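# Geometric and topological summary
Now for the letters of each chain:
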Amino acid sequence: MSESAASCFDSSTSYSKPAGDVDLPAGRLFSTSNACTDINIRPNTNRYIKVCFETQGRLECQANYTLARGGQWNTIATNVRHGTLFAFSFRSDASSTGRWAA
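Description of the structure in this document. All values derive from a computational prediction rather than experimental measurement.

### Quick word on the overall build of the protein
Counting secondary structure elements, the protein contains one helix and ten strands. Mapped in sequence order, the helices and strands of the protein form the string α-β-β-β-β-β-β-β-β-β-β. The globule rule puts the C-alpha radius of gyration for 102 residues at 13 Å, and the 13 Å found for the protein is close to it. Overall, the protein is about 35 × 35 × 20 Å in size when its C-alpha atoms are taken along their principal axes. For the protein, the proportion of its 102 residues judged to be buried stands at 34%.

Here is the structure:
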């Protein structure tokens, strides 16, 4: 793991998505930091996830879901500017826990 990736993951945040929701966070947005250049997630179990970016007041989502493997870091979006507002969109409305870093 590169030093920049280690720094990014050191600033990761835990998440808990309740059953019934597909978006994380529900009704609000995360913001990327200057610690990471990518948006990463480490779910505790395998999940299909895509990133939705805030663009001119609405969310624009990636076309396809990425299989995020449980127990390891998965990059969902690359080369993202600092301060970008985004949310994760899960294909399943099952509950999910883990960590994210962006």
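### What about the packing of aromatic side chains?
Within this structure, the stated rule accounts for eight aromatic pairs. Here Phe30 and Phe88 contribute two aromatic rings whose centre-to-centre distance is 6.1 Å and whose plane-to-plane angle is 65 degrees, an arrangement assigned as edge-to-face. You can see Phe30 sitting in strand 3 (residues 30-31) and its partner Phe88 sitting in strand 9 (residues 85-90), a full 58 residues away along the chain. Since its relative accessible area comes to 12%, Phe30 is described here as buried. Judged by relative accessible area, Phe88 falls into the buried class, the value being 0%. Among the aromatic residues, those joined into a cluster by ring pairs are Phe30, Phe86, Phe88 and Trp100.

### What to know about the pattern of salt bridges
A side chain with one charge can pair with a side chain of the opposite charge if their charged atoms come near. On inspection of all chains with the given rule, the structure shows one salt bridge. Of the charged contacts, one joins Glu60 and Arg58 as a salt bridge, the two residues approaching to 2.8 Å between their closest N and O atoms. The class of Glu60 is partly exposed, set by a relative accessible area of 32%.

### Observations regarding unusual backbone geometry
In this structure, the amide linkage connecting Leu24 to the following residue, Pro25, adopts the cis form with an omega of -5 degrees. Backbone geometry places Gln56, a non-glycine residue, at a positive phi of 50 degrees. Considering the arrangement of structural elements, one finds Gln56 in the loop between strand 5 (47-55) and strand 6 (58-61). In this structure, Asn79 is a non-glycine residue whose phi angle is positive, near 50 degrees. Here Asn79 shows up in the loop between strand 8 (74-77) and strand 9.

### Focus on the pairing of strand 6
Pairing of strand 5 with strand 6 involves four bridges; the strand directions are antiparallel. Bridge pairing in strand 6 links Phe53 to Glu60. From the end of strand 5 to the start of strand 6, which pair antiparallel, there are two residues, and Gln56 there has a positive phi angle of about 50 degrees.

Conventions adopted
- Residues numbered from 1 in each chain as written.
- Predicted model: local features only at pLDDT ≥ 70, side-chain atom pairs only at ≥ 80, totals over all residues.
- Heavy atoms only, no water.
- Helix = DSSP H or I, 4+ residues; strand = E, 2+ residues; numbered from the N terminus.
- Rg over C-alpha atoms; globule rule 2.2 N^0.38 Å.
- Buried < 20%, exposed > 50% of the residue type's maximum accessible area, 1.4 Å probe, protein only.
- Phe/Tyr/Trp six-rings, centres within 6.5 Å; stacked < 30°, edge-to-face > 60°.
- Salt bridge = Lys/Arg side-chain N within 4 Å of Asp/Glu carboxyl O.
- Pairing = 2+ DSSP bridges.

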